[in-house]
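Each chain is listed here by its residues.
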Amino acid sequence: MRKRTLFRLAAGTVAVGAATLAYASLVERNMFTLRRYDVPVLPTDAEPLRVLHLSDLHMMPDQRRKQDWVASLVALDPDLVVVTGDNMAHPESVPGVLRALQPLLDLPGAFVFGSNDYTGPVIKNPFTYFLPDREYTEGVPLPYEELRDIFTGAGWADLNNARTTLKAGGREIELAGVDDPHIERDDYDAEAGPVSGDAALSIAVSHSPEPVVLDRMAADGFGLLLAGHTHGGQVCVPGYGALVTNCGLPRSMARGLHRWPGSDSWLHVSAGLGTHPTAPIRFACPPEASILTLIPR
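Residues numbered from 1 in each chain as written. Predicted model: local features only at pLDDT ≥ 70, side-chain atom pairs only at ≥ 80, totals over all residues. Heavy atoms only, no water.

The name that an unreviewed UniProt entry assigns to the chain is Calcineurin-like phosphoesterase domain-containing protein, with the source organism given as Micromonospora marina.

Here it is, written out as structure tokens:
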């Protein structure tokens, strides 16, 4: 009787595990979700401004469902589109990324790159994400310059270690960004300094939300900080949240809107729209895009 009970428990555990894996890989990773947040960063009496934040597409050539869903977001009529990196996951990803973003390229936009815009993914032990000093391994080179040319050719601002202003929603916006801190391509020193005060709004952008970078951006007065990279944890525990963020950000801030500690700035971390191709699962953390409605303080 005891052996039979243990066998049933083991069989039940295996069945639940198999069902959970099937759900995470076949269902939830395709449950594209739109998040909406109101962010109080504008001057008193200013008209609201809508920012579409996209991140971590990790696009494979055949992911047409994802491409169609992202393309449909143009119906939201955002004033500004910001893409925070990791667009590609394959050397032939550019046509798929373009198919997804083409309708949005007619709108004002800005972007930074992530590590998976430069090199492709490699097979890795998922438990290494719990190691704070794990070695970064590069995959095959990806056509990031081709993607950069498409974005800049459409008039989008390249914020990889750069600072600029652009007009969106009928007003001037000051923007700054860094290349991916996760692979030490960031150089905020090249553009650091207080916001000018002439713009109606200031936004700073990084792929990986490393606190050492965000602290400096907030100290310079950028009211809204945007990042991705974490995938929201990708695999979360209901009631507990993300197990890991793959960066210096606390687990409690792995996704969503947060007040950046010690400042007047707001941070939005996108859980992203894709997954690592060798771990195509999401659990308690569906893929997402966010529409941020910026409102008066």
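(A) Spatial organisation of the overall build of the chain. If you tally the helices and strands in the chain, you get 6 helices and 14 strands. The proportion of buried residues among the 297 residues of the chain is 48%. Expressed as a percentage of contacts within the chain between residues at least 6 apart in sequence, the contacts between residues at least 24 apart total 73%. Accessible area for the chain stands at about 13,500 Å²; split by element, carbon and sulfur atoms hold 56% of it. (Helix = DSSP H or I, 4+ residues; strand = E, 2+ residues; numbered from the N terminus. Buried < 20%, exposed > 50% of the residue type's maximum accessible area, 1.4 Å probe, protein only. Contact = heavy atoms within 4.5 Å. Areas by Shrake-Rupley, 256 points an atom, 1.4 Å probe, with all protein chains shown as cover.)

(B) Looking closely at the pattern of salt bridges. Scanning all chains against the criterion turns up 8 salt bridges. Across the pair Glu-145 and Arg-148 runs a salt bridge whose closest N-O atoms are separated by 2.9 Å. Linking Glu-145 with Arg-148, this pair stays in helix α5 (residues 144-153), spanning 3 residues, or about one helical turn. Of the charged contacts in the structure, one is a salt bridge between Arg-163 and Glu-174, with a shortest N-O distance of 3.1 Å. You can see Arg-163 sitting in strand β6 (residues 162-168) and its partner Glu-174 sitting in strand β7 (residues 171-177), a full 11 residues away along the chain. Look at Arg-163 and you get partly exposed, because its relative accessible area is 26%. Judged by its relative accessible area of 6%, Glu-174 is buried. (Salt bridge = Lys/Arg side-chain N within 4 Å of Asp/Glu carboxyl O.)

(C) Broad picture of the nonpolar core. Ranked by internal contacts, the top residues of the largest apolar core, which has 29 residues, are Leu-54, Val-70 and Leu-104. Within the residue set of this core, elements represented by two or more residues are β2 (49-54), α2 (64-72), β3 (80-84), α3 (94-101), α5 and β14 (288-296). Sort the elements by how many residues they give to this core and α3 lands first, with 4 residues. In contact with Leu-104, not counting residues within four places along its chain, are Leu-52, Leu-54, Val-70, Leu-73, Val-74, Val-81 and Trp-156. Leu-49, Leu-80, Ala-157 and Leu-166 belong to the second largest nonpolar core, which has 23 residues in total. (Core = buried A, V, L, I, M, F, W, Y, C linked by side-chain atoms within 4.5 Å.)

(D) Region of the structure containing the environment of Gly-248. Assignment of secondary structure puts Gly-248 in the loop between β11 (241-242) and β12 (256-259). Separated by 66 residues in sequence, Gly-248 and His-182 have C-alpha atoms that sit 9.7 Å apart. Look past the residues within four positions of Gly-248 in its chain and what remains in contact with it is Glu-210 and Pro-211.

(E) Here's a closer look at the side chain of Gln-63. Considering the arrangement of structural elements, one finds Gln-63 in the loop between β2 and α2. From its side chain, Gln-63 meets the backbone nitrogen of Met-60 in a polar contact 2.9 Å long. If we ignore the near neighbours within four places in the chain, the residues touching Gln-63 are Arg-29, Leu-57 and His-58. (Polar contact = N/O pair within 3.5 Å; in protein donor to acceptor, adjacent residues only side chain to side chain.)

(F) Structural context of the packing of aromatic side chains. Scanning all chains against the criterion turns up 7 aromatic pairs. What links up through ring pairs into an aromatic cluster is the set Phe-111, Phe-113, Tyr-118, Tyr-144, Phe-151 and Trp-156. For the cation-ring pair, Arg-185 lies above Tyr-118, with the distance from its terminal atom to the ring centre recorded as 3.7 Å. (Phe/Tyr/Trp six-rings, centres within 6.5 Å; stacked < 30°, edge-to-face > 60°. Lys NZ or Arg CZ within 6 Å of the ring centre and 35° of its normal.)

(G) Region of the structure containing the sheet that holds β14. Sheet architecture is open: 6 strands sit in the order β1-β14-β2-β3-β4-β5, paired in mixed fashion. At either margin of the open sheet sits one strand with a lone partner, and together these are β1 (33-42) and β5 (157-158). Taken together, the 5 bridges between β2 and β14 define a ladder with antiparallel strand orientation. Considered in β14, the bridge of Leu-52 is made with Ile-291. (Pairing = 2+ DSSP bridges.)

(H) Geometry of helix α6 (residues 211-219). Turning to α6, its buried residues number three or more, namely Val-213, Leu-214, Met-217 and Ala-218. Along the long axis of α6, the arc covered by the buried residues comes to 130°, so they all point the same way. α6 presents Val-212 and Ala-219 as exposed residues on the side facing more than 90 degrees away from its buried surface. Contacts from the buried residues of α6 go to β7, β8 (201-205), β9 (224-227) and β13 (266-269). Phi turns positive one or two residues past the end of α6, at Gly-221, with a value near 100°. (Arc of directions from axis to C-beta.)

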